[in-house]
Amino acid sequence: MKKIFLFFTIFSFAFSFAQKTNTRDYEDINAKLDRLLKEREVEKRVLNVNLEGKTFVLIQNKGTLVYKHVVSFLADKNINIVELINDTSAESKTTKLYSGDFIRNNNYISVRADVLEGQKIGIPLTYNFMIQERDGILFLINMNNNEKWIDTTLVK
């Protein structure tokens with residue numbers, strides 16, 4: 001009888017500990033999912049933002065290479081993308097100028113640059129963005145890799 005009682009006590013203790021652990025795990029997972037959904041939700045305050053004349057920049061530092069990508073939204077749904085590559089080891093700089101167009105659907109912006117320095121290219125450079133605003137800062141989130149392109153009016 002004592003063995004059965006001891007076994008039942010140990011089993012119930014282990015079961016309750018596992019339930020508490022699972023509850024904490026589920027709470028953590030739920031908090032992470034809520035944060036991700038909040039970042040991806042459609043913000044109604046940016047639906048009326050006019051992109052004409054806006055410029056966004058992304059700077060990536062990868063060791064000896066520094067990549068700077070600049071996208072400028074022009075009139076009539078046209079865009080310019082400037083790609084600057086600075087190689088500090090070889091002390092060389094490369095610049096590419098793309099042009100193309102964009103389509104906007106609510107918060108989502110699809111950019112297609114099919115002209116490189118005046119010549120059509122076979123495979124266009126494409127980006128899919130979602131426009132966001134956090135703490136008064138306007139930025140674009142690249143939907144493929146979550147890179148954030150920041151509005152240049154805030155970059156000083």
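Heads up: the structure comes first, above all this text.
Residues numbered from 1 in each chain as written. Predicted model: local features only at pLDDT ≥ 70, side-chain atom pairs only at ≥ 80, totals over all residues. Heavy atoms only, no water.

(A) Examining the overall build of the protein more closely. Helices and strands together make up the secondary structure of the protein, namely 1 helix and 8 strands. If you list the helices and strands of the protein from N to C, you get α-β-β-β-β-β-β-β-β. When each of the 156 residues of the protein is scored for burial, the buried share is 26%. For the protein, the share of sequence-separated contacts (at least 6 apart) that also reach a separation of at least 24 residues comes to 34%. With an accessible surface of roughly 11200 Å², the protein has 58% of that area assigned to carbon and sulfur atoms. (Helix = DSSP H or I, 4+ residues; strand = E, 2+ residues; numbered from the N terminus. Buried < 20%, exposed > 50% of the residue type's maximum accessible area, 1.4 Å probe, protein only. Contact = heavy atoms within 4.5 Å. Areas by Shrake-Rupley, 256 points an atom, 1.4 Å probe, with all protein chains shown as cover.)

(B) The nonpolar core, seen in detail. Counting 19 residues, the largest nonpolar core has Phe56, Phe73, Ile81, Ile109, Val111, Leu140 and Trp149 as the members making the most contacts within it. For this core, the elements supplying multiple residues, two or more each, are strand E1 (55–62), strand E2 (65–73), strand E3 (78–87), strand E4 (92–105), strand E5 (108–116), strand E6 (119–134) and strand E7 (137–142). (Core = buried A, V, L, I, M, F, W, Y, C linked by side-chain atoms within 4.5 Å.)

(C) Region of interest: a nonpolar patch on the surface. There is a patch of nonpolar side chains on the surface, built from Tyr26, Ile29, Leu33 and Leu36 and spanning about 420 Å² of accessible area. For Leu36, the position within the fold is in helix H1 (residues 2–40). (Patch = residues over 30% accessible without salt bridge, like charges linked within 9 Å, V, L, I, M, F, W, Y side chains within 5 Å. Salt bridge = Lys/Arg side-chain N within 4 Å of Asp/Glu carboxyl O.)

(D) Structural view of the packing of aromatic side chains. In this structure the tally under the stated criterion is 5 aromatic pairs. With a centroid separation of 4.9 Å and an interplanar angle of 85 degrees, the aromatic rings of Phe73 and Phe102 are classed as edge-to-face. Of this pair, Phe73 sits in strand E2 while Phe102 sits in strand E4, and the two are 29 residues apart along the sequence. On the numbers, 5.5 Å between centres and 20 degrees between planes, the contact of Tyr127 with Phe129 is stacked. In this structure, Tyr127 and Phe129 share a single accessibility class: buried. Clustering of aromatic rings is evident, with ring pairs tying together Phe56, Phe73 and Phe102. (Phe/Tyr/Trp six-rings, centres within 6.5 Å; stacked < 30°, edge-to-face > 60°.)

(E) Spotlight on the pairing of E6. As defined by bridge partners, E5 adjoins E6 across 8 bridges and the pair is classed as antiparallel. Counted as the bridge partner of Ile109 is Phe129 from E6. Hairpin connection, E5 to E6: the antiparallel pair is bridged by 2 residues, and Glu117 has positive phi, about 50 degrees. Bridge count for E6 against E7 is 6 bridges, and the pairing is antiparallel. Within E7, the position partnered with Met130 by the bridge is Ile141. (Pairing = 2+ DSSP bridges.)

(F) How the structure looks around the pattern of salt bridges. All told, the structure shown has 5 salt bridges when counted by the stated rule. One salt-bridge network, in which partners are shared between bridges, spans Asp101, Arg112, Asp114 and Lys120.

(G) Region of interest: the sheet that holds E3. On the basis of which strands lie adjacent, the closed barrel formed by 8 strands has the order E1-E2-E3-E4-E5-E6-E7-E8 and antiparallel pairing. Each strand of the sheet is rotated relative to its neighbour by a mean of 30 degrees, with strand direction disregarded. Of the pairings in the sheet, the one linking E3 to E4 comprises 10 bridges and is antiparallel in character. Across the sheet, Val82 pairs through a bridge with Leu97, a residue of E4. (Axes fitted to C-alpha atoms, helices over the stretch in contact; angles between N-to-C directions.)

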